[in-house]
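Understanding the architecture of this molecule
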Amino acid sequence: EEMRPITLFYMDQDDALRMQGEMKQMDNMKNSDIRITTTTLSKAIRQASNLGGGLPTGASVDPLTGQLPSGSDGGCLRYKIVPSARQLFYAARCRGKERVGLCSDTDTEDAAMVLKGLSAVESTNKKRRRETLNRKVTEEGELYSHMIGHVGIPVFYSPALRKRQPYLKSFVGGKEESPVFFSYEDLLTAWKKMKKRDGNAPSKPPAVEVFNLMDILTSMDREILSQKNKHVFKWRNPAGSLKQQMERVKNKLTSKYNGPGIDSLTFVPPKGAVAFKEWISAKGNGKARLRPMR
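This report concerns the structure included in the present document. (Residues numbered from 1 in each chain as written. Predicted model: local features only at pLDDT ≥ 70, side-chain atom pairs only at ≥ 80, totals over all residues. Heavy atoms only, no water.)

Spanning 13 residues, helix H11 (residues 271–283) covers 18 Å between terminal C-alpha atoms, matching the ideal 18 Å at 1.5 Å per step. Gly284 lies just past H11 and shows a positive phi near 70°. (Helix = DSSP H or I, 4+ residues; strand = E, 2+ residues; numbered from the N terminus. Expected span 1.5 Å × (residues − 1).)

Here is the structure:
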């Protein structure tokens, strides 16, 4: 089997540091320059969405055949986003854990599996993928049966936690925002700040739900496309256009989704990752960028 090189985008800096330490302990990589760099989530998603052979690297084309080298020779590179093991542990005890591939019978089983590490999660998912046809799942699990054997990127949402706009901005037309957190700890911190302003709020946020980031992003793209075609009536095919409008209304009425509106979502980056990014930028690579003297 061909060995393909892969680049990993970690959602948690602790997981990246742990992998860096494991790689430095290998005999053939002790003297290698293994470093952690930061990038944007949008760039990581764009690169990781290219499946198959991956994206071409800077390797030169063979002058005789005009083809790129194979993946094992460094001609192409695949990218993969690794979710946070810490946030998967919190997601195992939240509502909607099936959305991120945690489909065990109890929350305790999912939490214990995540505690063993991401390698244990991958091996368990491979086993579940083979047993998908013979596995009984709940009604919520049937809706997300495609996630059995896979792991999603968890983001957390509480319907009781809203961000109100200032009076002037709301008067102009600003909408109430629904924050979606990449970190469960940040959600609890935001809830404690809100509780200081509202003493009647409960001590813990009620009904915290977990969503898959990729599901939200695809829903946003679908919503944008739907808005573009919302008022478009094709006179060349009036029956098809009318049928499409009726199906859109039917899906909206029969939808079981009770989460926030797509247009009101606001993503909140994890504070730990932001602080780590600033630390990486301040540290640098230890090499002075001086121009050669003439």
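Once you've had a look at it, read on.
Within the structure shown, the criterion is met by seven aromatic pairs. On the numbers, 5.7 Å between centres and 20° between planes, the contact of Phe9 with Tyr79 is stacked. Taken together, the residues span a long stretch of sequence, with Phe9 in strand S1 (residues 6–10) and Tyr79 in strand S3 (residues 76–82) at a distance of 70 residues. Over the ring of Phe211 we find Arg99; its NZ or CZ atom is 4.3 Å from the centre of that ring. (Phe/Tyr/Trp six-rings, centres within 6.5 Å; stacked < 30°, edge-to-face > 60°. Lys NZ or Arg CZ within 6 Å of the ring centre and 35° of its normal.)

Moving on: the sheet that holds S3. An order of S1-S3-S2 is seen for the three strands of this open sheet, with the pairing classed as mixed. Strands with a single pairing partner mark the edges of an open sheet, and in this sheet they are S1 and strand S2 (55–56). Note that S2 and S3 share two bridges and pair antiparallel. If you follow Leu55 over to S3, its bridge partner there is Leu77. (Pairing = 2+ DSSP bridges.)

A few words on the nonpolar core. The nonpolar side chains of soluble globular proteins are, as a tendency, buried together. With 20 residues, the main nonpolar core has Leu102 and Phe156 as its most contacted residues. Counting residues per element, the ones that place at least two in this core are helix H3 (85–91), helix H4 (107–115) and helix H8 (184–197). Counting residues per element, this core draws most heavily on H8, which supplies four residues. If we skip the residues at most four places from it in the chain, Leu102 touches Leu88, Ala91, Ala92, Lys97, Asp110, Met113 and Val114. Phe9, Leu77, Val180 and Phe182 belong to the second largest nonpolar core, which has 16 residues in total. (Core = buried A, V, L, I, M, F, W, Y, C linked by side-chain atoms within 4.5 Å. Buried < 20%, exposed > 50% of the residue type's maximum accessible area, 1.4 Å probe, protein only. Contact = heavy atoms within 4.5 Å.)

A few words now on a positive patch on the surface. There is a patch of like positive charges on the surface, built from Lys192, Lys193, Lys196, Arg197 and Lys271. Among the structural elements, Lys196 can be located in helix H8. Overall, Lys196 belongs to the exposed group, its relative accessible area being 76%. (Patch = residues over 30% accessible without salt bridge, like charges linked within 9 Å, V, L, I, M, F, W, Y side chains within 5 Å. Areas by Shrake-Rupley, 256 points an atom, 1.4 Å probe, with all protein chains shown as cover. Salt bridge = Lys/Arg side-chain N within 4 Å of Asp/Glu carboxyl O. Lys, Arg positive; Asp, Glu negative; His and termini not counted. Charge placed at Lys NZ, Arg CZ, Asp CG, Glu CD.)

Next up on the list: unusual backbone geometry. Of note in the backbone geometry, Ala207 takes a positive phi value of approximately 55° without being a glycine. Mapped onto the fold, Ala207 is located in the loop between H8 and strand S6 (209–212).

Turning next to helix H2 (residues 41–48). Among the residues of H2, those classed as buried are Ala44, Ile45, Gln47 and Ala48. Down the axis of H2, the buried side of the element spans an arc of 170°, and every buried residue falls inside it. (Arc of directions from axis to C-beta.)

The alternating pattern of strand S5 (residues 178–181) places Ser178 and Val180 and Pro179 and Phe181 on opposite faces, both of which are buried. Where S5 meets strand S7 (residues 265–268), four bridges bridge the pair, whose relative direction is parallel. When the sheet's bridge partners are listed, Ser178 is paired in S7 with Leu265.

Quick look at the environment of Gly96 now. Secondary-structure assignment places Gly96 in the loop between H3 and H4. Under the relative-accessibility criterion, Gly96 is labelled buried at 6%. C-alpha separation for the pair Gly96 and Phe211, spaced 115 residues apart in sequence, amounts to 6.9 Å.

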